[in-house]
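Fold and geometry: a report
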Amino acid sequence: MTTPLQPTTTETRLILDDSAIIKSPADTRSYQIIELPNQLRCVLVHDQTANQSSAALAVGVGHFHDPQATQGLAHLLEHMLFLGTEGYPDAQGFQSYISAHGGSHNAWTGTEYSNYYFSINQQYFAPALDRFIRFFYEPLLQQDWVEKELQSIEAEFHLKRNDELRRLYQVHKATANPKHPFTKFSVGNLSTLTNTKERPLSAALQQFFKRWYCAKRMTLVLCGPQSLAELQQLAELHGSRIPSGCADALLLDEPLYEAEQLGLMVQVKPLKEAQRLILTFALPGIDDDYANKTTSFLAHLLGYEGQQSLLSYLREHNWVNTLAAGGGISGGNFKDFNINMQLTNQGLTHIDDIIAAVFSYLQLIANDGLQAWRYNERRVSVMNAFNYQEPAKLSDIAPQLAINLHHYCAEDIIFGDYRMDGLFLPKIRSFLALMNSHNMRVTLIHQQLETDQVEPIYGTHYRVSALTPAQHQRFAQPAPIAAQLPQANPYLSTPWQLQHPPTETDSKRPLQPDCKQVTSALQHWHLTDTSFKQPKAHVYCGFYLPQVIQSAQHFANARLWCELMLDVLNEECYDAEIAGLNFNLYPQQQGLTLHVSGPAQYVPQLLQDILGYLHQATSSSNAQLLVPQRWANLRQRLITNWRQALLHKPLNLLFTHLNVQLQPHTFSVQDLAKQLEASDFATFIDAGQQMFSQASVELFSHGDLRPDQLQAVLQQLQQLPLAAQMQRANLTPYRFAQLDPAPALVTQHQDHALLAVLQSSSNTTQAQASFMLLQYFLNPRLFSALRTEQQLGYLVGSSYMPLQQVPHLMLYVQSTKYPHQHLQQAMNDYLKVFAEQLAHIDSTEFSKAQRAITQQLTENDASLRARSQRLWSSITQQDENFSRLQVIATSLASLTLNDIHAEYQQLINNPTQQMFLVSHPQSFDSSA
């Protein structure tokens with residue numbers, strides 16, 4: 001350990017002011033970067049429109065820094081820092097303070113960095129920051145809380161034991177260089193984090209904290225409506241207390257892989273049915289390449305999904321369903337470049353053919369793809385996204401900037417994610433040279449593979465074998481394939497710009513859509529809105545289709561039809577997607593919804609093109625658009641996903657079951673899978689042609705558009721066999737008294753779970769306001785009682801859920817340790833305890849809650865996307881005055897404490913307003 005460094009100055013140093021920080025023209029916030037005397041670098045963000053303030057602190061410490069004997073220690077420390085400091089010793093004090101003032105908090109531990117952050121109503125920011133910063137210079141790390149948090153760590157470990165990504169990740173660690181810190185077990189459990197009287201973990205935590213946690217390894221971000229001067233004062237007052245120096249940076253001097261760990265295949269047997277092929281190329285670290293983004297450009301070329309692409313070639317041979325390029329782990333001295341493919345059944349027998357095709361395409365890139373215009377086209381797309389980015393929440397910005405300041409030059413803390421200075425040929429050629437079979441790892445994932453090893457932590461079965469000389473020779477000299485590099489993108493020929501710059505008249509108009517009744521079964525809602533100065537638009541097309549929702553069979557066919565259409569559109573319209581246009585098509589309780597968004601100048605034409613494809617797919621003369629082989633592949637993928645629901649988190653299964661129970665025209669995934677399994681292609685085509693046989697349509701266009709730009713779209717929609725009038729299904733949720741008692745669900749997950757649901761007797765705005773208040777008071781207290789104190793499980797919480805404006809409260813817990821009977825008894829007991837806790841809430845706390853919820857209900861839309869989503873939600877719920885949230889806020893202001901007490905007493909004393917759903921595994925050992 002090095003000697004602590006002394007501050008080099010006695011005053012705060014300005015690193016960069018707002019004018020020197022590169023930011024989007026759409027970004028109205030002000031920024032400043034300073035360095036405190038203790039070498040703590042701070043980013044200050046002033047946002048005059050914000051109601052909340054946020055802070056984040058990132059430290060250059062992660063699980064790579066764990067001692068070999070106590071793997072998971074960094075993760076445990078992350079938990080422990082929240083549990084009391086010398087100035088605020090109450091272990092639950094920070095969480096209680098944040099929750100009481102409308103805030104939230106979280107943290108994560110990565111490989112080489114950890115990040116802590118919170119948000120709170122701005123007037124409470126200074127006291128909250130005082131509590132928060134003390135984590136980093138005076139944590140208690142008390143031994144009695146260590147044992148409790150160890151149980152949380154163990155619960156988290158068990159919760160994720162069946163998580164396929166974690167299981168694969170651990171096999172990756174087991175087959176990498178054991179001298180590299182990547183191979184350490186990052187999460188930790190009771191086996192790696194042993195806590196004894198002779199060697200208490202509290203001492204190990206103190207030692208770890210003193211060694212690695214210091215100001216020179218940290219970055220702090222403060223955001224809010226406070227001025228930059230005020231934020232600097234807060235940074236100086238609180239941040240300066242963190243000691244300056246500690247250990248030097250961790251030296252990564254071992255390669256991620258030894259020579260014999262490359263040029264091989266790893267066969268992994270998953271728990272769930274899966275067919276996946278991952279090609280991994282071992283590259284050096286890329287931190288120094290952020291200004292050029294060489295791997296991002298390579299990923300763009302390899303992952304292109306348009307016509308005659310690598311993916312198109314592989315799909316034509318019926319070998320793969322999907323292909324994604326560029327992912328993979330990265331760190332200070334390594335980067336895995338992955339090409340990840342989902343295989344078809346036929347693809348499983350053509351692994352070498354697929355790999356050879358990838359190498360053939362890599363050769364095509366090396367020979368013909370390294371042209372400046374291709375890179376510049378990608379740069380134009382990225383710069384469009386940067387110049388017209390929609391404002392993110394401060395709660396998201398703070399942790400992001402804290403990490404960015406560790407990785408980027410100060411002026412690039414915002415721009416670094418987008419910066420593309422130019423194609424650096426020496427770098428890309430060096431990377432392509434490393435993309436050879438001797439520097440490659442092949443991971444094949446399938447349940448029928450032969451294995452001969454078991455990873456000890458998660459129990460995953462796998463096998464490692466070297467590629468043969470014949471394979472190396474074939475991959476080094478692959479045959480050419482019938483694929484081409486992307487052509488020039490027509491959607492990137494013209495820079496984005498506002499079509500309709502805002503005028504003074506526009507600013508005086510109410511920001512709500514006008515409705516035009518085009519026909520009795522076709523409505524067009526429209527709002528020209530450039531208040532965010534975004535040249536973007538959102539168009540929602542809601543198809544009310546009785547054929548889709550009449551049965552599980554029809555709904556399953558509609559879901560598969562949407563998947564097939566997206567499959568077709570993805571290839572046909574991929575250039576549009578690269579340029580920032582997005583589209584989605586999905587079934588819902590009224591029929592189908594099509595959503596198109598992106599640069600407004602292209603949205604109407606893309607929407608017309610998509611509607612044209614939909615018309616072709618439902619026309620008897622053009623049914624060939626839907627290919628039987630793709631139908632079979634996507635059908636099997638859907639069936640597999642639905643069949644595997646029993647392996648999902650039990651709580652997710654309970655939430656899904658609740659929706660099926662309460663909401664009309666909602667079907668269980670088991671029923672959907674059963675229906676799809678019984679279908680054939682001819683029946684499917686017939687169902688698709690009947691889908692639009694009696695339609696009504698609601699169109700909503702919003703953004704930098706005028707109504708006349710949608711005329712061609714409206715004319716297309718009128719070609720549908722529209723109904724005589726607008727038809728909507730009745731979606732009023734069922735009352736609990738109408739339902740049969742729900743049986744316990746049996747899952748293939750090892751945990752037990754409980755979901756308790758409280759249902760209002762009405763759908764008035766006063767009832768909704770009451771339930772929002774109850775949720776506000778309930779959530780932190782429930783977490784404290786069942787998670788922190790009783791340690792029932794890692795997943796504990798509550799949420800407010802309005803179904804067609806009927807309010808519900810959901811309380812949940814998932815446990816590895818306790819059976820569902822114990823969970824239900826604990827929840828019943830707590831519902832009674834909460835009545836007592838409600839009685840102790842005073843008028844001051846009640847008023848704070850009213851203000852916090854009112855602020856959430858009435859806050860301005862943060863972005864064009866958020867406004868579009870809100871307005872479309874109002875339209876679909878027939879809130880044609882767009883005033884529901886404001887009316888709820890008015891009702892909230894009229895409520896009293898007595899009203900809330902009365903509402904809750906009615907809920908807990910009336911069994912017809914309560915539902916308890918439980919799940920349990922097929923077998924369970926509570927001692928495990």
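See the structure shown above.
Since we're looking at a predicted model, the values are computed, not measured.

The next thing to look at is the packing of aromatic side chains. Scanning all chains against the criterion turns up 44 aromatic pairs. With a centroid separation of 5.1 Å and an interplanar angle of 65°, the aromatic rings of phenylalanine 82 and phenylalanine 135 are classed as edge-to-face. Of the two residues, phenylalanine 82 sits in the loop between α1 (73-80) and α2 (93-100) while phenylalanine 135 sits in the loop between α3 (125-133) and α4 (143-159), which places them 53 residues apart along the sequence. On the basis of relative accessibility, which here comes to 2%, the residue phenylalanine 135 falls in the buried class.

This part is about the sheet that holds strand β24 (residues 795-803). Overall, mixed pairing links the 5 strands, which are arranged β22-β26-β23-β25-β24 in an open sheet. Of all strands in the sheet, those bounded by a partner on one side alone are β22 (745-747) and β24. When strand polarity is set aside, the average angle formed by the axes of neighbouring strands in this sheet is 20°. Packing against the sheet, helix α26 (residues 820-839) makes contact with β23 (752-759), β25 (806-815) and β26 (914-921), and its axis sits at approximately 35° to β23.

Residues Phe543, Trp561, Leu592, Leu594 and Leu717 are the most contacted members of the largest nonpolar core, which totals 84 residues. No other element matches the 12 residues that helix α17 (residues 552-572) contributes to this core. Ignoring anything within four residues of it in the chain, the contact list for tryptophan 561 reads Leu585, Leu592, Leu614, Ala617, Thr618, Leu626, Phe684, Gly688, Met691 and Phe692. Grouped together as the second largest cluster of nonpolar side chains are 55 residues, Ile34, Ala91, Phe135 and Leu205 included.

Overall, the coordinates contain 4 cavities of 30 Å³ or more when judged by the stated rule. Quantified by volume, the largest cavity comes out at close to 60 Å³. Lining of the largest cavity is provided by Gln547, Val548, His554, Asn557, Ala558, Ala687 and Met691. Going through the elements one at a time, α16 (546-549) and α17 are the ones with two or more residues in the lining of the largest cavity. Of the residues in the lining of the largest cavity, the class split is 4 nonpolar, 3 polar and no charged.

Let us now look at the pattern of salt bridges. Scanning the entire structure with this criterion turns up 24 salt bridges. Between glutamate 138 and arginine 134 there is a salt bridge, and its shortest N-O distance comes to 2.9 Å. Per residue, the accessibility class of glutamate 138 equals that of arginine 134, and both read buried. Linking arginine 419 and aspartate 421 is a salt bridge whose minimum nitrogen-to-oxygen distance equals 2.7 Å. With relative accessibility at 48%, the residue aspartate 421 sits in the partly exposed group. Through salt bridges with shared partners, a single ionic network connects Asp130, Arg134, Glu138 and Arg241.

Burial analysis of strand β9 (residues 276-283) places 7 of its 8 residues in the buried class, which makes it a mostly covered element. Here β9 pairs with strand β12 (residues 334-343) via 8 bridges, running antiparallel. Its bridge partner being in β12, threonine 280 is matched across the sheet by asparagine 338. Relative to strand β13 (residues 440-445), β9 runs antiparallel, the two being bridged by 6 bridges. Across the sheet, the residue bridging to phenylalanine 281 is methionine 440, located in β13.

Across a regular strand the side chains alternate sides, sitting on one face of the sheet and then on the other. Most of β12 sits out of view: 9 of its 10 residues are buried. Both strand β10 (residues 320-325) and β12 contribute to a ladder of 5 bridges, which runs antiparallel. Bridging from a neighbouring strand, alanine 324 pairs with asparagine 340 of β12. In the sheet, strand β11 (residues 330-331) pairs with β12 via 2 bridges, with the strands oriented antiparallel. Bridge pairing in β12 places serine 330 opposite lysine 335. Hairpin geometry of β11 and β12 is characterised by an intervening segment of 2 residues between the two adjacent antiparallel strands.

In any sheet, the strands associate via hydrogen bonds between backbone groups, in a parallel or an antiparallel arrangement. What the 7 strands build is an open sheet, ordered β1-β2-β3-β7-β4-β6-β5; its pairing is mixed. Whereas interior strands pair on both sides, the edge strands pair on one side only; in this sheet they are β1 (13-16) and β5 (104-109). Geometrically, the sheet is characterised by an average inter-axis angle of 15° between neighbouring strands, direction not taken into account. Relative to strand β7 (residues 218-224), strand β3 (residues 41-46) is paired through 6 bridges, and the arrangement is parallel. Each residue of the ladder has a partner; that of cysteine 42, found in β7, is leucine 220.

Cut-offs and rules
- One numbering rule holds for all chains: residues counted from 1, following each sequence as written.
- Owing to the predicted nature of the model, reporting of local features is limited to residues with pLDDT of at least 70; listing and counting of side-chain atom pairs is limited to 80 or more, with chain, interface and lining totals taken over all residues.
- Side-chain numbers come from the whole structure's heavy atoms, not from hydrogens or water.
- Any two rings among Phe, Tyr and Trp, with Trp reduced to its six-membered ring, count as a pair given centres within 6.5 Å; such a pair is stacked if its planes are under 30 degrees apart, edge-to-face if over 60, and tilted if neither.
- In this text, helices come from DSSP runs of H or I with a minimum length of four residues, and strands from runs of E with a minimum of two, each type numbered from the N-terminal end.
- Only protein chains enter the accessibility calculation, which uses a 1.4 Å probe; a residue whose area is less than 20% of its type maximum is buried, one above 50% is exposed, and one in between is partly exposed.
- Two strands form a pair only when DSSP identifies at least two bridges running between them.
- Note on definitions: angles span 0 to 180 degrees between N-to-C directions of axes, and those axes are lines fitted to C-alpha atoms, for helices only across the stretch in contact.
- In this description, contact between two residues means that some pair of their heavy atoms is separated by no more than 4.5 Å.
- Put simply, a nonpolar core is a bunch of buried Ala, Val, Leu, Ile, Met, Phe, Trp, Tyr and Cys residues held in one set by side-chain atoms that sit within 4.5 Å of each other.
- Grid points spaced at 1 Å over the protein atoms alone were grouped into cavities, where a 1.4 Å probe fits but cannot get out, and pockets, open sets with protein on both sides within 12 Å along at least five of seven lines, with lining residues defined by an atom within 4 Å of a point.
- Grid points are joined across faces, edges and corners, and a volume is the space filled by probe spheres set on the points.
- Put simply, Ala, Val, Leu, Ile, Met, Phe, Trp, Tyr, Cys and Pro go in the nonpolar bin, Asp, Glu, Lys and Arg in the charged bin, and everything else, Gly too, in the polar bin.
- We count a salt bridge whenever a side-chain nitrogen from Lys or Arg sits within 4 Å of a carboxyl oxygen from Asp or Glu.

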